[in-house]
Amino acid sequence: MYSPVESDQGFNFKPEPPTSSAYYRLLKKLRRQVGHAIRDYKMIEEGDKVMVCVSGGKDSYTMLDILLQFKRIAPINFDVVAVNLDQKQPGFPEDVLPRYLEENNIPYYILEKDTYSITKKLTPEGKTYCAVCSRLRRGSLYGFAQEIGATKVALGHHRDDIMATFFLNLFHGGSLKAMPPKLLSSDKKNILIRPLAYVEEKDIIKYAEMRNFPIIPCNLCGSQENLQRAIINDMLRAWDKEHPKRLHSIFGAMQNVSPSQLADRDLFDFEALDAQREIDFTGSCSTDSAESSKRIDMVNLGFMAD
């Protein structure tokens, strides 16, 4: 057991793992879900160097913690390195993440780039920062992954993030897409993985509270009003409260897509359906003519009954 190490601000840099049965049940659930996601999408393989993007939020802390546990017990060998992008936001506590990572003997890099000023400059008046901020952040992190030889880039998006993105694109983008659990970056140089793809946000909140991670709030976009993503998240939470199985069904639907039942002509060849039809228009039907006439009589009897 580690002894807690407190900062002047009250951060716990070396939290002592809980011993309650509730904690172990939750830990078992998270390990199972992360393990299934890794297996289902072949996220991590022998010899991988996984760059875990940590922001100081509950999601990235939880992802890093679970992946480090898997590193100790997994039947394959892989490395984990934490990387934080210091975006130079005013008031950001720069010492918190380095101290947490050092106290817990976690290999890490702090990448310093003033994307905050660029985001403020490029975002039109009255618009939210998210699009510009995320684009700049991704570019910086993906480039750094190449520099350190990372074979996988792990992002902390969970199941609810994936569904929120789906509904954002559905309601405001006119497209059916979300965040896939595994993705090849647009420049084809990085494999992105989301080990928390099966994990519910409410379980991450509980786990982060139990582990007492030194959470750093995002004061850039989190402080903006009327964020569409926040509205979607409120909708999902209301559904989860009123209809507990609905979110599970929605995420299951995202894994069970039927292109022929949608309307995307690039995804499914609707023109080829005529050539695939097996009915014979020459008159030589395989069905017996007497049987066919019986079917017609039955239909006519139905009309007579009306």
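Residues numbered from 1 in each chain as written. Predicted model: local features only at pLDDT ≥ 70, side-chain atom pairs only at ≥ 80, totals over all residues. Heavy atoms only, no water.

> Residues and numbers for the overall build of the protein chain, please.
When helices and strands are counted, the protein chain shows eleven helices and six strands. Within the span of the protein chain, comprising 306 residues, buried residues form 39% of the whole. Of the contacts formed within the protein chain by residues at least 6 apart in sequence, a portion of 74% connects residues at least 24 apart. If you sum the accessible surface of the protein chain, you get close to 18500 Å²; carbon and sulfur atoms cover 52% of it. (Helix = DSSP H or I, 4+ residues; strand = E, 2+ residues; numbered from the N terminus. Buried < 20%, exposed > 50% of the residue type's maximum accessible area, 1.4 Å probe, protein only. Contact = heavy atoms within 4.5 Å. Areas by Shrake-Rupley, 256 points an atom, 1.4 Å probe, with all protein chains shown as cover.)

> Let's hear about the UniProt feature "binding site: [4Fe-4S] cluster" (unreviewed entry) in the protein chain: which residues, and what values?
In the numbering adopted here, UniProt assigns the feature "binding site: [4Fe-4S] cluster" (unreviewed entry) to Cys130, Cys133 and Cys221. Among the residues examined, Cys133 registers a relative accessible area of 6% and is labelled buried. (UniProt positions renumbered as here; feature names shortened; annotations may be inferred.)

> Any chance you could break down the sheet that holds strand S5 (residues 182-184) for me, citing the residues and the numbers?
Strand order across the open sheet formed by six strands is S3-S2-S1-S4-S6-S5, with mixed pairing between neighbours. Whereas interior strands pair on both sides, the edge strands pair on one side only; in this sheet they are strand S3 (108-112) and S5. Ignoring strand direction, the axes of neighbouring strands in this sheet form an average angle of 25°. In terms of strand pairing, strand S2 (residues 79-86) meets S3 through five bridges, oriented parallel. Bridged to Val83 within S3 is Tyr109. Helix-sheet contacts for helix H2 (residues 58-73) involve strand S1 (49-53), S2 and strand S4 (152-154), and the interaxial angle to S2 is about 165°. Here helix H3 (residues 96-103) sits on the sheet in contact with S2 and S3, set at roughly 170° to S3. (Pairing = 2+ DSSP bridges. Axes fitted to C-alpha atoms, helices over the stretch in contact; angles between N-to-C directions.)

> If you had to explain the UniProt feature "short sequence motif: PP-loop motif" (unreviewed entry) in the protein chain to someone new, which residues and values would you point to?
Feature annotation in UniProt places "short sequence motif: PP-loop motif" (unreviewed entry) on residues 55-60, given in this structure's numbering. Helix makes up 50% of residues 55-60 and strand 0%. Its end C-alpha atoms lie 6 Å apart.

> Give a description of a nonpolar patch on the surface that names residues and reports values.
Where nonpolar side chains cluster on the molecular surface, the patch consists of Leu170, Phe171, Leu176, Val257 and Leu262 and spans about 460 Å² of accessible area. Within the fold, Val257 resides in the loop between helix H9 (246-254) and helix H10 (273-276). (Patch = residues over 30% accessible without salt bridge, like charges linked within 9 Å, V, L, I, M, F, W, Y side chains within 5 Å. Salt bridge = Lys/Arg side-chain N within 4 Å of Asp/Glu carboxyl O.)

> Describe the side chain of Thr62, with residues and values.
Here Thr62 is to be found in helix H2. When sequence neighbours within four positions are dropped, the list of residues in contact with Thr62 reads Leu30, Ile204, Tyr207, Ala208 and Phe213.

> How would you summarise the pattern of salt bridges if you had to cite specific residues and measurements?
Between side chains of opposite charge, pairing is possible as soon as their charged atoms come close. Scanning the model with the defined rule gives 17 salt bridges in all. The salt bridge partner of Lys29 is Asp203, with a shortest N-O separation of 2.8 Å. Taken as a pair, Lys29 in helix H1 (residues 21-40) and Asp203 in helix H7 (residues 201-211) lie far apart in primary sequence, 174 residues in all. A relative accessible area of 25% places Lys29 in the partly exposed class. Between Arg159 and Asp160 there is a salt bridge, with the nearest N and O atoms lying 3.2 Å from each other.

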